[in-house]
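Listed below are the residues making up each chain.
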Number of protein chains: 2
Amino acid sequence: DHVVVLGYGDLTEPILTELADAKVDFVVVAKPENTNLPELKERDVPLVVADPSDEEPLVRVHIDRARAVVAATNDDANDALAILTARELRPDVNIVAAATDRENVDKLKRAGADTVISPALIGGHLLVESALGSTDSEIIADRLVDGPLATSNDSEE
Amino acid sequence: DHVVVLGYGDLTEPILTELADAKVDFVVVAKPENTNLPELKERDVPLVVADPSDEEPLVRVHIDRARAVVAATNDDANDALAILTARELRPDVNIVAAATDRENVDKLKRAGADTVISPALIGGHLLVESALGSTDSEIIADRLVDGPLATSNDSEE
Ligand SMILES: [Ca+2]
Ligand SMILES: [Ca+2]
């Protein structure tokens, strides 16, 4: 009943924080060349150092009983490979992914992801809403998170 | 009554699309070394090739009568410099920004941005919501945009 996090990128730290806050167990599978490994090891983040697109490490982290799989590194090609591997091992598991290049949303879905988001599209939308004076984006962003995702210098400050 | 877009990064294309859809005039100020310049010029995107942290190009694109300023490149340091310049020229204009590194949200606000979002934090949150089986993120993402920001392979497909 854990979440398997495939690879480590810009979105991973927020993901791990959210999972920890939700008291959900997780394990990260990250390549040996990942520059964040020393810091992750120092922080005792549950970690398997291996290519997340190989079957063996996914078996080792018990993908067979995972509740969900997350593929959200900055390298969409690696995400696609990792998703293909995870989907082959677990036809039924919930796989979510982030397309760093917004043009890869459909490719990651075809690779087997159930849900794919594009942070650039979401971010661009929120910025334009905010630029044009709508306060909707702040309201929605407030609903999205408890933390300071979209914070404004209000006149009260 | 136009929007001044400072720099060009991963979020810029979604931003330009949203501004065009909203029928809002805009102009992009991008450095000569930006690799997207040839394509932008070919597409006749309103463009001034200059450092967006210099005063002269911001005066030239009439920041004095802009309705808003957007600073959302992948380089938060450049965003900060551009925001400082824009804020000095226009103490009253609405400036929105995206922090590529989530730890720079407060810095961009101190530089003078009214609203700062973190696409990584928003993306991470939506992914975890989706991974843990909540459908909220899809509903919220659907409300955020008309396009396929967060799309799922539903059973109907
Ligand atoms: Ca990705
Ligand atoms: Ca930025």
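Our structure's up above, just so we're on the same page.
An account of the accompanying structure is given in this report. Computed from a predicted model, the values in this text were never measured in an experiment. Along each chain, the written sequence defines residue order, and numbers are assigned to residues from 1. Written order determines the labels here, with chains lettered from A and ligands numbered from 1. Totals for whole chains, interfaces and linings use every residue, but because this is a predicted model, local features are given only for residues with pLDDT of at least 70 and side-chain atom pairs only at 80 or more, for both listing and counting. To get the side-chain values, take all heavy atoms of the structure and skip hydrogens and water.

Some points on the coordination of the calcium ion (ligand 1)
All names here are of chain A.
Point 1. Thr73 (O), Asp76 (OD), Asp79 (OD), Ala98 (O) and Thr100 (OG1) make up the full set of protein donors to the calcium ion (ligand 1), lying at 2.3 to 2.8 Å.
Point 2. Read from N- to C-terminus, the donor residues coordinating the calcium ion (ligand 1) fall into the pattern T-x2-D-x2-D-x18-A-x1-T. Here threonine 73, found in the loop between strand E4 (68-71) and helix H4 (76-89), pairs with alanine 98, found in strand E5 (residues 94-98); they are 25 residues apart in sequence, far enough to count as distant.
Point 3. When a residue's accessible area, from a 1.4 Å probe over protein chains only, is under 20% of the maximum for its type it is buried; when over 50% it is exposed; and in between it is partly exposed. Looking at threonine 73, the relative accessible area reads 10%, which means it is buried. In this description, a donor is an N, O or S atom within 2.8 Å of the metal centre, a cutoff extended to 3.2 Å for sodium, potassium and calcium. Water is not part of the atom list, which can make sites seem incomplete. Secondary structure counts use DSSP, requiring at least four H or I residues in a row for a helix and at least two E residues in a row for a strand, with both numbered from the N terminus.

Structural notes on the pairing of strand E1 (residues 3-6) of chain A
Residue and element names in this part refer to chain A.
Point 1. Of the two faces of E1, the one carrying Val3 and Val5 and the one carrying Val4 and Leu6 are both buried.
Point 2. What makes two strands pair is DSSP finding at least two bridges between them. One ladder, built from 4 bridges, connects E1 with strand E2 (residues 26-30); its direction is parallel. Bridge pairing in E2 places valine 3 opposite phenylalanine 26.
Point 3. Seen with its strands pointing away from the viewer, a crossover is right-handed if its path from the first strand over the helix to the second goes clockwise. Considered for its hand, the β-α-β crossover made up of E1, helix H1 (residues 12-21) and E2 is right-handed.

Quick word on the coordination of the calcium ion (ligand 2)
All names here are of chain B.
Point 1. Those donors, Thr73 (O), Asp76 (OD), Asp79 (OD), Ala98 (O) and Thr100 (OG1), are the protein atoms that reach the calcium ion (ligand 2), and they lie 2.3 to 2.8 Å from it.
Point 2. Read in sequence order, the donor residues coordinating the calcium ion (ligand 2) give the pattern T-x2-D-x2-D-x18-A-x1-T. In this pair, aspartate 76 is assigned in helix H4 (residues 76-89) and alanine 98 in strand E5 (residues 94-98), connecting sequence segments 22 residues apart.
Point 3. Given a relative accessible area of 8%, aspartate 76 falls into the buried group.

Considerations on unusual backbone geometry
Point 1. Look at His62(A): it is not a glycine, yet its phi comes out positive at around 60°.
Point 2. For His62(A), a relative accessible area of 34% translates into the label partly exposed.
Point 3. Even without being glycine, Lys23(B) reaches a positive phi, approximately 55°.
Point 4. Positionally, Lys23(B) belongs in the loop between helix H1 (12-21) and strand E2 (26-30).

Focus: the packing of H1(A) against helix H6 (residues 119-131) of chain B
Each pair of packed helices can be described by the angle between their axes along with the distance between the axes.
Point 1. Between N-to-C directions, angles span 0 to 180 degrees; the directions come from axes that are lines fitted to C-alpha atoms, helices contributing only their stretch in contact. Between H1(A) and H6(B), whose axes approach to 8 Å, the crossing angle comes to 45°. Regarding the angle of H1(A) to H6(B), the classification is oblique. The hand of the H1(A)/H6(B) crossing is right-handed. The residues of H6(B) that touch H1(A), namely those facing Pro14(A), Ile15(A), Glu18(A) and Leu19(A), are Ala120(B), Leu121(B), Gly124(B), His125(B), Leu127(B) and Val128(B). Angle categories: roughly parallel below 35 degrees, roughly antiparallel above 145, roughly perpendicular from 65 to 115, and oblique for all the rest. Crossings are classed by handedness, with left-handed meaning an anticlockwise turn of the near helix from the far one by less than a right angle and right-handed meaning a clockwise turn. Only heavy atoms enter the contact rule, under which two residues are in contact if any of them lie within 4.5 Å.

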